[in-house]
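Observations on the three-dimensional arrangement
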Amino acid sequence: MAAESLSMQDAVMSGRRSNPNSAFRRFLAVIRELLGNPSSGFGLVVITILLLTAIVAPLIAPYDPNVINLSNALKPPGAEHWFGTDELGRDIMSRIIYGTRISLTIITIVSVIVGPIGLLVGTTAGYFGGWYDTIMMRITDIFLSFPSLILSLAFVAALGAGLENAIIAIGLTAWPPIARLARAETLTFRNADYISASRMQGASSLRIIVKSIMPMCLPSVLVRITLSMATVILTAAGLGFLGLGAQPPLPEWGAMIATGRRYMLDNWWLVAFPGGAILLVSLAFNLLGDGLRDALDPKQR
């Protein structure tokens, strides 16, 4: 009976791997479901625009984001400069457009860091249990006991200011919630019949975790990563605001707010437009994450 269960599982998995059209159809179905919901559709459209803006930034930015023109300093929004200019005469709209590249770089690298780390820690802790689970979860609890921004500040202080170090610091503080989620998912799968059948046929623990458990945890982990992106953007903006993230003249949104706060009482556009960009993108990731949870998690149906 165990061998039959394992054979059925292998057949299903091999059928999925051998039929890429079914995966593509599933992808299109998820996109349709996201667009069918107004909130998640809004988030998907905003993030798509963000991606396209980052790709074609040199084509759509009206000015060079780093060119200084003191004769145009602190000009309000108008026909020549839609979002106004900063204290050095740089076009704010162009700087926000180029800032999308920095935000996407942070999001991409942090996702590459926290996804595998959280998935590996959570699945191995949930599968093996015992002293290993206790040690890994206590380490996770230590990370979770600190606010993410405070812990990121500590890592950046140790590593040094800069965009690269800020990305590493954010990545080192963003994996614990994913590990917790992956562990909870693993605890529900590790005693399933197909896992027991794999053990009886001599499959190693590593093979079971990688081939059977991790794929089952991926949908929830992807949703969690998407929801965490809003926190990542806010943390990166906070580090930039404090001068520990992206350094001038990089057009990072948090750093733009930091330099504009000295003039914000008389020149509101210096902080309003970068702050609006942070708000819009963070909201979009939260809405998209909620939509993905409904689309990918069958328990939500």
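That block above? That's the structure.
Here is a short report on the structure shown in this document.

Rules used in this analysis
- Residues numbered from 1 in each chain as written.
- Predicted model: local features only at pLDDT ≥ 70, side-chain atom pairs only at ≥ 80, totals over all residues.
- Heavy atoms only, no water.
- Core = buried A, V, L, I, M, F, W, Y, C linked by side-chain atoms within 4.5 Å.
- Buried < 20%, exposed > 50% of the residue type's maximum accessible area, 1.4 Å probe, protein only.
- Helix = DSSP H or I, 4+ residues; strand = E, 2+ residues; numbered from the N terminus.
- Contact = heavy atoms within 4.5 Å.
- Phe/Tyr/Trp six-rings, centres within 6.5 Å; stacked < 30°, edge-to-face > 60°.
- Lys NZ or Arg CZ within 6 Å of the ring centre and 35° of its normal.
- Polar contact = N/O pair within 3.5 Å; in protein donor to acceptor, adjacent residues only side chain to side chain.

Bringing the nonpolar core into the picture now. For soluble globular proteins, nonpolar side chains are generally found buried alongside one another. Judged by nonpolar contacts, the single largest core of 64 residues is most densely connected at Ile106, Val110, Ile170, Val221, Trp253 and Phe285. At 14 residues, helix H11 (residues 205-241) tops the list of elements feeding residues into this core. Residues in contact with Phe285, not counting those within four places in the same chain, are Ile47, Ile107, Thr226, Leu227, Met229, Ala230 and Ile233.

This part covers the packing of aromatic side chains. What the rule picks out here adds up to seven aromatic pairs. Here the aromatic rings of Trp131 and Tyr132 are separated by 6.2 Å at their centres, their planes lie at 85 degrees, and the arrangement is edge-to-face. For Trp131, a relative accessible area of 66% puts it in the exposed group. Taken together, the aromatic side chains of Phe83, Trp268, Trp269 and Phe273 make up a single cluster linked through ring pairs. Sitting over the ring of Phe241, Arg261 keeps its end group 5.2 Å from the ring centre.

Counting through the fold element by element, Gly162 comes out in the loop between helix H7 (148-159) and helix H8 (163-174). Sequence separation between Gly162 and Leu239 is 77 residues; the distance between their C-alpha atoms is 9.4 Å. When sequence neighbours within four positions are dropped, the list of residues in contact with Gly162 reads Leu244, Gly245 and Gln247.

This part covers the side chain of Ser94. With respect to the helices and strands, the residue Ser94 is situated in helix H5 (residues 92-128). A polar atom in the side chain of Ser94 sits 3.0 Å from the backbone nitrogen of Tyr63. A polar contact of 2.8 Å, which involves the side chain of Ser94, links it to the side chain of Asp91. In this view, Ser94 contacts Ala61, Pro62, Tyr63 and Pro65; residues no more than four positions away in its chain are not counted.

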